[in-house]
Amino acid sequence: MTPAISKQAVQRALSGHAAIGLLASALLYLICLTGTVVVFYQEWQRIEQPDAPEMAAITPDAVQRAVAAVLASEKGKPATTHLYVHMPVDGLPRTTITTDHQAVHVDADGRIAMPEENAWSEFLLHAHYALNIPGLVGMTIVGIFGVMILALSLSGIVAHPRIFRDAFRLRARDNHGVGLADWHNRLSVWTLPFSLAIALTGSMIGLGAVGAYGLAAAFYKNDVEAAYAPIFGKEHGADASPAPLANVSAALTWLASNHPEVRPTYVILHDPQTRGQHIQLIAEHPRRLIYGETYQFGADGSYHGKVGMSDGHMGQQLAASTYNLHFGNYGGLPVKLAYILFGLALTVVVATGTSIWLGKRQRRGLHEPRLRAGWDGVIWGVPIALTLTFLARLLLGNGAPLIAIFWTLTIAIPLLAMFGRPEPRPKRLIQRLFVAALLAALIVAVTGMSMV
Amino acid sequence: MSETAPLVWIGAAGLVAAVLQLRRAWGLPRRSAAANGIGWALMLVGAALALAGNGAWGLAVASLFGMTTAALLLAHAGWTSPKGKGRASDRKAHMLPDKGEPRRLGRRLLTFVLTIPLAFVAALLAALGVRALAGMAGWSEADGNATALLLLPLLWGILAFWLLMLPRRGAQCALLAIPAAAGFGLILVGGAI
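No experiment lies behind these values; they were computed from the predicted model shown.

Residue and element names in this part refer to chain A. An order of β4-β3-β2-β1-β5-β6-β7-β8 is seen for the 8 strands of this open sheet, with the pairing classed as antiparallel. Bordering the open sheet on either side are β4 (112-115) and β8 (303-306), each of which pairs with just one other strand. When strand polarity is set aside, the average angle formed by the axes of neighbouring strands in this sheet is 25°. Packed onto the sheet, helix α3 (residues 60-72) meets β1 (82-86), β2 (95-98), β3 (103-106), β4 and β5 (263-270) and runs at close to 135° relative to β1.

Moving on to the pairing of β8(A). All names here are of chain A. Pairing between strand β7 (residues 293-297) and β8: 3 bridges, direction antiparallel. Its bridge partner lying in β8, Y295 is registered against K306. The turn joining β7 and β8, which pair antiparallel and follow one another in sequence, is formed by 5 residues; a positive phi near 90° is taken by G301.

A word on the packing of helix α3 (residues 105-136) of chain B against helix α5 (residues 169-190) of chain B. Residues and elements named next belong to chain B. Orientation of α3 relative to α5, taken along the N-to-C sense of each, is 30°, at an axis distance of 7 Å. For the element pair α3 / α5, the angle class is roughly parallel. α3 and α5 meet at a crossing whose hand is left-handed. Residue composition of the contact of α3 with α5, grouped by class: 18 nonpolar, 5 polar and 2 charged.

A few words now on helix α2 (residues 41-48) of chain A. Every α-helical turn comprises 3.6 residues, leaving residues that sit three or four positions apart pointing alike. All names here are of chain A. The set of residues buried in α2 consists of Q42, W44, Q45 and E48. Looking straight down α2, one finds its buried side chains confined to an arc of 160°; they lie on one side. As for α2, its buried residues are in contact with α1 (7-37), α4 (119-130), α12 (332-363) and α13 (369-396).

With that settled, consider the environment of A:A404. Assignment of secondary structure puts A:A404 in helix α14 (residues 402-419). It is 40 Å that separates the C-alpha atoms of A:A404 and A:R173, two residues lying 231 residues apart in sequence.

Turning next to the packing of aromatic side chains. Residue and element names in this part refer to chain A. As enumerated under the stated definition, the model contains 24 aromatic pairs over all chains in all. Taking 5.3 Å as the distance between ring centres and 65° as the angle between the ring planes, the aromatic pair formed by F123 and F406 counts as edge-to-face. Of this pair, F123 sits in helix α4 while F406 sits in helix α14, and the two are 283 residues apart along the sequence. Its relative accessible area of 5% is what places F123 among the buried residues. On the basis of relative accessible area, F406 is assigned to the buried category, the value being 0%. Consider the rings of Y295 and Y303, whose centres lie 6.5 Å apart with planes at 40°: the pair is tilted. Taking the relative accessible area as the measure of exposure, Y295 reaches 0% and is therefore buried. Looking at Y303, the relative accessible area reads 31%, which means it is partly exposed.

Here we take up the domain arrangement of chain A. Each assigned domain of chain A is listed with its residue range as follows: domain 1 (1-49 + 129-231 + 330-365), domain 2 (50-117 + 234-306) and domain 3 (367-452). Here the C-alpha centre of domain 3 of chain A lies 40 Å away from the C-alpha centre of domain 2 of chain A.

As a further point, take the pattern of salt bridges. Residues and elements named next belong to chain A. On inspection of all chains with the given rule, the structure shows 13 salt bridges over all chains. Here R171 and D182 are joined by a salt bridge, their closest N and O atoms 2.7 Å apart. Placement of R171 in the loop between α5 (135-159) and α6 (178-190) and of D182 in helix α6 is noted, with a sequence separation of 11 residues between them. The class of R171 is partly exposed, set by a relative accessible area of 27%. Accessibility expressed as a relative area gives 2% for D182, which makes it buried. Residue D182 pairs with R186 through a salt bridge whose shortest N-O separation is 3.0 Å. Note that D182 and R186 are positioned in helix α6 at a spacing of 4 residues, about one turn of the helix. Using a relative accessible area of 3% as the deciding quantity, one classes R186 as buried. Overlapping salt bridges bring together R46, E54 and R94 as one network.

Once that is clear, we can look at the nonpolar core. Ranked by size, the top nonpolar core spans 92 residues in total, and within it A:L28, A:Y29, A:W120, A:F123, A:F406 and B:W156 carry the most contacts. Considering each element in turn, this core owes the most residues, 13 residues, to helix α4 (residues 141-165) of chain B. Setting aside residues up to four positions removed in sequence, A:F123 forms contacts with A:N132, A:L386, A:T389, A:L402, A:I403 and A:F406. If you look at the next biggest cluster of nonpolar residues, it comprises 27 residues, including A:I58, A:V63, A:L255 and A:F297.

Moving on to helix α7 (residues 192-206) of chain A. Residues and elements named next belong to chain A. Between its first and last C-alpha, α7 extends 20 Å over 15 residues, near the 21 Å set by a 1.5 Å rise per residue. Counting buried positions along α7 yields 11 of 15 residues, so the element is predominantly enclosed. Of the positions making up α7, those classed as buried are L192, F194, S195, I198, A199, T201, G202, S203, M204, I205 and G206.

We now examine the interface of chain A and chain B. In this complex, chain A contributes 84 residues to the contact, which on the side of chain B involves 80 residues. A buried area of about 7,000 Å², summed over both sides, lies between chain A and chain B, and 70% of it is on carbon and sulfur atoms. In this assembly, chain A and chain B are joined by 1 salt bridge. Among the ionic pairs, B:E3 bridges to A:R287, the shortest N-O distance being 3.6 Å. The interface formed by chain A and chain B includes 10 residue pairs in polar contact (both at pLDDT 80 or more). With 13 residues, the top contributor of residues to the side of chain A that touches chain B is α1(A). Counted by class, the side of chain A that touches chain B contains 54 nonpolar, 18 polar and 12 charged residues.

Rules used in this analysis
Residues numbered from 1 in each chain as written. Chains lettered and ligands numbered in written order. Predicted model: local features only at pLDDT ≥ 70, side-chain atom pairs only at ≥ 80, totals over all residues. Heavy atoms only, no water. Pairing = 2+ DSSP bridges. Helix = DSSP H or I, 4+ residues; strand = E, 2+ residues; numbered from the N terminus. Axes fitted to C-alpha atoms, helices over the stretch in contact; angles between N-to-C directions. Contact = heavy atoms within 4.5 Å. Parallel < 35°, antiparallel > 145°, perpendicular 65-115°, else oblique. Left-handed = near helix turned anticlockwise from the far one by under 90°. Nonpolar A, V, L, I, M, F, W, Y, C, P; charged D, E, K, R; others polar. Buried < 20%, exposed > 50% of the residue type's maximum accessible area, 1.4 Å probe, protein only. Arc of directions from axis to C-beta. Phe/Tyr/Trp six-rings, centres within 6.5 Å; stacked < 30°, edge-to-face > 60°. Domains from an automatic or database assignment. Salt bridge = Lys/Arg side-chain N within 4 Å of Asp/Glu carboxyl O. Core = buried A, V, L, I, M, F, W, Y, C linked by side-chain atoms within 4.5 Å. Expected span 1.5 Å × (residues − 1). Buried area = accessible area lost by both parts, 1.4 Å probe. Polar contact = N/O pair within 3.5 Å; in protein donor to acceptor, adjacent residues only side chain to side chain.

Now the structure itself:
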């Protein structure tokens, strides 16, 4: 393919591509790598806490008993505003109840079994979602990086006029930067649909709050909830006066008999044990990209209608589809494995982009060992930091300071490489450290060693 | 996936065939519009069939087959490629100055301000403008709001790329001003503010 793009346009696209790529490189690499690892979010939770009770399904009555038991265990504490029941699904066949105060696993009979301990999985998800920055700031920053991937994809295509024509040429054994450039360009082309889908859905999720604030300011008199309501449904008014516990069992029974084709994934009980309490069931629809439909029930378990994520307005279906499309949980293990493969490819594209730029400068006679060592520290330091946080979780337990360990290592390793030992090039040394960390984590995970 | 519509599998097969055909077409000694066309047509038909079979889910699943086929072909190309003597590109990206070149920090900072915060503002105003237009055209609030949330990152990404392609500051400012002004005008007409 030889599109009619002028040399000047190609050069400007290359400059723009490099500018965005280098500006975003380290954090974009971290976001892509954590995003790839977190595809197995459910599996990581099972590895973290292998002895939690598992079940293929749970009866509505057992869920009712479990909800009552959890609320009874919180007597004397401020009333929880929301109670979530994670229902057993194929990837995570566990029933877990989360309130404002605790998260516990329950057994198939609805008895409280043990506290949920999935700190590493949660840390990993939050690192990808928000760089572990609390509030909406982190999510928004990650959303901006999604926008950067969109701009990088466009500029990359224009900067390489032969990128499609050469799409199957991979000179993997060439030195002097040819092989590196081929890996970068080939993986970019063939993961383009995936990268665009991931970038667009990721930036929609990340920038969703900013967009909603904009919508609220322009159309809803600054009421952000009102801006979300046409898509996700609105919250009911609260009435805090006491009332008997809502009939969750009746709601689940209604869903099972009226919609046997769907599978409940979450029960959400709003303002439990108050007169304003109501129930929402989120249920997966087979062969749909939407995360689920929200079925609404009153406190007595009577059906009040659904929000319309499955068959309502196109906008609702679109918004509900962004999450599964982004995280790859719409087709079981085969789709997850494909997401790991393409996520890894996208991570390699980001990593090789900066390496190509450094290589070009080196070939032009610019000797910059600190820059090179720093980038080696990023590429191999982030996986080391991730692996060591996992090791810390296994050895020190659920309370290990994972965020502090991860970010200290992520920042310290490149700095040490840059200023401690930029020459000889520290790449091999850091790679060996990564392999050692990986082996240590593997041994500890397999043997079940723990210091707590 | 036991009840997956047959059209999804046929579409997936079409996408696999499309990638194989493009591999053949792009490997020909001379460019063949017909061979390329068959490849792209297979891709379109495969995608359309998967979409018709199980909607967006079908398309997403089928596209994974196409990309996996390409990944396998690439793995084969990488595995069998001989050790070459090709010379890598030295094209300058002009990201950092070479020795003796001015740093032009002010110019770089201005480019950053135009591409990140100002392009964001322009994209947000344009997305909200489309939302206002959708409201005036009788779209539901859900469709209008979701469109705005989709357009915000999409327009921002396109603007960031386009701005970097423009050689003059005036053209860059115009590229930001036009969607921003149009969006703001539409919000004033169709919004609540």
